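Coordinate inspection notes
What follows is the residue order along each chain.
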Amino acid sequence: MKKRRIFICCQAVFPRGSAASNYVQYFSLALLQQNYEVFVLSDINEEYRKELEQNDYYYKGIKVIETKMSAFKPLHYIQYHYFIDSVFSKILSKKNIESDDLILVYSHISQIHKWAIEYAKKSHCKTACCMVEWFPREYYKNKKDYEKAEYDIRNIRTHHNLVFPISSYIDDFFQSQGTKTLLLPIMADTEEFQYKAKNTDKIRFIYSGNRMMKDKLAEMIKAFLQLPEDDKQRIELHICGTKEAVIDEICNGKLKENPFIIVNKWMEYADLVALYQNMHYLFIAREENQMTLANFPSKVPECMGYGIVPVVSDVGDYTKFYLTDGKDSIIFKGYNEDNCLQAIKRAIGCFDKEFKLMSANAVDTVKSRFDYRVWSLKISKAIEGLYEE
């Protein structure tokens with residue numbers, strides 16, 4: 001029997017180039033699990049180019065087709081925003097798209113969604129998209145960009161045959177518009193996690209993110225600074241993805257006077273994994289707003305796979321549907337300094353007696369709730385439903 005082909009047109013550096021790239025990877029593996037033929041059309045992560053070349057551009061069974069964009073950032077931006085549709089069209093024209101095929105879009109660029117829907121109509125195939133963000137007005141530099149993005153979501157993406165929202169907040173909107181959906185959280189591949197016994201000489205917290213407008217980084221850092229000196233001696237706070245100058249500013253220029261705060265520079269993926277393997281707690285404080293309700297932090301399941309216990313604000317689907325306070329995580333109300341401080345003290349206080357069990361439970365939660373194999377059949381049923389109409 002001929003395999004259904006799925007072409008993932010994405011705005012990512014694949015593989016392992018970003019959270020977006022990881023999302024596409026786990027989605028692709030879920031599709032392969034159901035015997036689809038999967039193609040990822042994207043930029044290529046130079047760290048993996050040699051490996052791809054040696055394997056005929058297959059990665060874990062996924063066929064990678066390079067979009068060949070410029071490495072020069074300004075030109076790369078222009079290419080992606082104004083010419084990417086012609087790049088995707090050229091690639092797909094060589095694949096002789098048929099009615100049984102599916103074009104799946106992972107991108108915030110309106111033009112790509114519009115192109116995919118129009119291309120599918122001409123080719124008589126189906127389209128779907130993954131939606132992982134919904135930014136509010138304050139995220140955009142001007143009103144025009146905001147209105148363009150809102151038009152894209154409300155008037156273009158709703159015309160996909162199927163949408164995979166990352167949160168119930170996004171799902172509710174598309175359901176209200178009559179668009180077919182499958183609510184799909186961040187997935188993981190639990191077989192790639194290598195769990196190792198953690199050193200307990202220090203209690204190690206980690207914050208890993210680009211903060212943008214989602215995470216209350218200043219409140220988190222200032223809460224750690226309020227800890228008694230005895231507690232500061234017991235812990236380390238590792239920060240990834242944020243420049244040292246930013247952290248120093250939050251510390252009022254006294255970062256060096258607080259050696260328990262360790263700002264890690266950019267790491268290759270293998271080095272990041274090595275760091276995760278020795279961390280105890282993931283710390284994320286967030287305010288409840290449109291952006292945080294719509295989002296699902298990829299670091300939650302990723303870190304839990306290494307036995308890291310999330311210490312997180314009660315915001316979004318991950319605390320609502322997937323985590324259990326006191327079992328596999330520490331969930332706290334609010335996001336201000338005092339809220340964060342009390343959560344940190346709770347994590348330190350329960351470390352000696354409760355951490356090992358909570359860490360094991362975190363690993364179990366990833367396996368039972370986030371592994372791509374758990375979602376594979378559900379994804380397939382949603383896709384196959386499009387062809388039974």
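Described in the following lines is the structure provided in the data block.

Turning next to helix α14 (residues 337-349). End to end, α14 covers 18 Å across 13 residues, agreeing with the expected 18 Å (1.5 Å per residue, within 8%). With a side-chain oxygen lying 3.1 Å from the backbone nitrogen of Asp338, the N-terminal cap of α14 falls on Asn336.

The next subject is the nonpolar core. The biggest cluster of nonpolar side chains holds 97 residues, and the ones touching the most others in it are Tyr23, Phe27, Phe164 and Ile379. Per-element tally for this core: the top contributor is helix α1 (residues 19-33), with 8 residues. If sequence neighbours within four positions are ignored, Phe27 has contacts with Leu104, Cys130, Phe164, Leu184, Met187 and Ile379.

Strand order in this open sheet of 6 strands is β10-β9-β8-β11-β12-β13, and the pairing throughout is parallel. Both edges of this open sheet fall to β10 (261-264) and β13 (330-332), since each of them pairs with a single strand only. Going across the sheet, the axis of each strand differs from the next one's by a mean of 20°, ignoring polarity. Examined bridge by bridge, strand β11 (residues 281-284) and strand β12 (residues 309-313) share 4 bridges and lie parallel to one another. Paired with Ile284 across the bridge in β12 is Val312. The strands touched by helix α7 (residues 217-225) within the sheet are β8 (203-208), β9 (235-240), β10 and β11, with β9 carrying the most contacts at an inclination of about 160°.

Conventions we followed
- Residues numbered from 1 in each chain as written.
- Predicted model: local features only at pLDDT ≥ 70, side-chain atom pairs only at ≥ 80, totals over all residues.
- Heavy atoms only, no water.
- Helix = DSSP H or I, 4+ residues; strand = E, 2+ residues; numbered from the N terminus.
- Expected span 1.5 Å × (residues − 1).
- Polar contact = N/O pair within 3.5 Å; in protein donor to acceptor, adjacent residues only side chain to side chain.
- Core = buried A, V, L, I, M, F, W, Y, C linked by side-chain atoms within 4.5 Å.
- Buried < 20%, exposed > 50% of the residue type's maximum accessible area, 1.4 Å probe, protein only.
- Contact = heavy atoms within 4.5 Å.
- Pairing = 2+ DSSP bridges.
- Axes fitted to C-alpha atoms, helices over the stretch in contact; angles between N-to-C directions.

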